[in-house]
Amino acid sequence: MTQQLDDVRVVAHGARRQALLLLGQERDEYVNLLRWRLEQDLGYQRTHPLLIRNERGGPLDHMVFATDNPAGDRIMSYLYGQAASQFEAMRDEALQRRSGQPRLFPVEIADQQLYRYEPPWQPDS
């Protein structure tokens, strides 16, 4: 199994170096690999990824929650949806503080489901 992991890392890194993958795509491949291994190797039923961005919208970190409990799945889906709906307003507030100029009108968050579980794809090896 360690050899497979190393093979996927080499493929992702090699593709990035050959400009076949952009930096964000390489990051997505690594997060997907983590999720894939949690589900396939450790037996979790679902893994929920959450991308945390900085105030400029750039990726800051990823958080992955793994569960094999239906209640945990429902709870984290709800919480990730809540977080996703608040991230834009928090980012806007941080930008306002940095610039020192408050907005005349608050940022409107669309009433939509901002988080939906997507299973990891099988990594290329």
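Worth saying up front: this structure is predicted, and the values here are computed from it rather than measured.

J.: What is the right way to look at the pattern of salt bridges in this model?
T.: Once their charged atoms are close, side chains differing in charge can pair, the charge on each being opposite to the other. Inspection of every chain in the model, using the stated rule, returns four salt bridges. For D73, the salt bridge identified is with R46, shortest N-O distance 3.3 Å. Of this pair, D73 sits in helix α3 (residues 70-99) while R46 sits in strand β1 (residues 46-53), and the two are 27 residues apart along the sequence. Owing to a relative accessible area of 15%, D73 belongs among the buried residues under this scheme. Of the charged contacts in the structure, one is a salt bridge between R97 and E93, with a shortest N-O distance of 2.6 Å. Taken together, the positions of R97 and E93, both in helix α3 and four residues apart, correspond to about one turn of that helix. You can call R97 exposed: its relative accessible area is 66%. By relative accessible area, E93 is classed as partly exposed at 38%.

J.: Looking at this structure, how should I read the pairing of strand β2 (residues 59-67)?
T.: Of the strand pairs in this sheet, β1 and β2 are connected by eight bridges, and their pairing is antiparallel. Paired with L50 across the bridge in β2 is M63. Joining the antiparallel neighbours β1 and β2 is a turn of five residues, in which G57 adopts a positive phi near 95°.

J.: Just checking my understanding: could you explain a nonpolar patch on the surface for this structure?
T.: On the surface, a cluster of nonpolar side chains totalling about 320 Å² of accessible area is made up of I75, Y78 and L79. Locating Y78 in the fold gives a position in helix α3.

J.: Which parts of the structure should I look at to understand the nonpolar core?
T.: In terms of nonpolar packing, the biggest core is built from six residues, these being L50, M76, Y80, A83, Y115 and Y117. No other element matches the three residues that α3 contributes to this core.

J.: Teacher, can you tell me more about the environment of R116 here?
T.: Locating R116 in the fold gives a position in the segment after α3. For R116, a relative accessible area of 58% puts it in the exposed group. Through-space distance from the C-alpha of R116 to that of S77 is 7.1 Å; in sequence the pair is 39 residues apart. Polar contacts involving the side chain of R116 include one to the side chain of E118, which spans 2.8 Å.

J.: Before we go on, may I ask you to explain α3 in this structure?
T.: Since there are 3.6 residues in each turn of an α-helix, residues three or four apart along the chain are aligned in direction. Here α3 spans 44 Å end to end across 30 residues, near enough to the 44 Å set by a 1.5 Å rise per residue. Its axis deflected by about 30° at Q86, α3 carries its strongest bend there. Every buried residue belonging to α3 is among G72, D73, M76, Y80, G81, A83 and D92, and all of these are buried. Lining the buried residues of α3 we find β1 and β2. Two or three places before A71, at the opening of α3, N69 has a side-chain oxygen 2.7 Å from that residue's backbone nitrogen. Looking one or two places after α3, you find G100, whose phi comes out positive at around 80°.

Cut-offs applied
Residues numbered from 1 in each chain as written. Predicted model: local features only at pLDDT ≥ 70, side-chain atom pairs only at ≥ 80, totals over all residues. Heavy atoms only, no water. Salt bridge = Lys/Arg side-chain N within 4 Å of Asp/Glu carboxyl O. Helix = DSSP H or I, 4+ residues; strand = E, 2+ residues; numbered from the N terminus. Buried < 20%, exposed > 50% of the residue type's maximum accessible area, 1.4 Å probe, protein only. Pairing = 2+ DSSP bridges. Patch = residues over 30% accessible without salt bridge, like charges linked within 9 Å, V, L, I, M, F, W, Y side chains within 5 Å. Areas by Shrake-Rupley, 256 points an atom, 1.4 Å probe, with all protein chains shown as cover. Core = buried A, V, L, I, M, F, W, Y, C linked by side-chain atoms within 4.5 Å. Polar contact = N/O pair within 3.5 Å; in protein donor to acceptor, adjacent residues only side chain to side chain. Expected span 1.5 Å × (residues − 1). Bend = angle between axes of the 7 residues up to and from the residue. Contact = heavy atoms within 4.5 Å.

Functional significance is not addressed by these values, which are geometric in nature.
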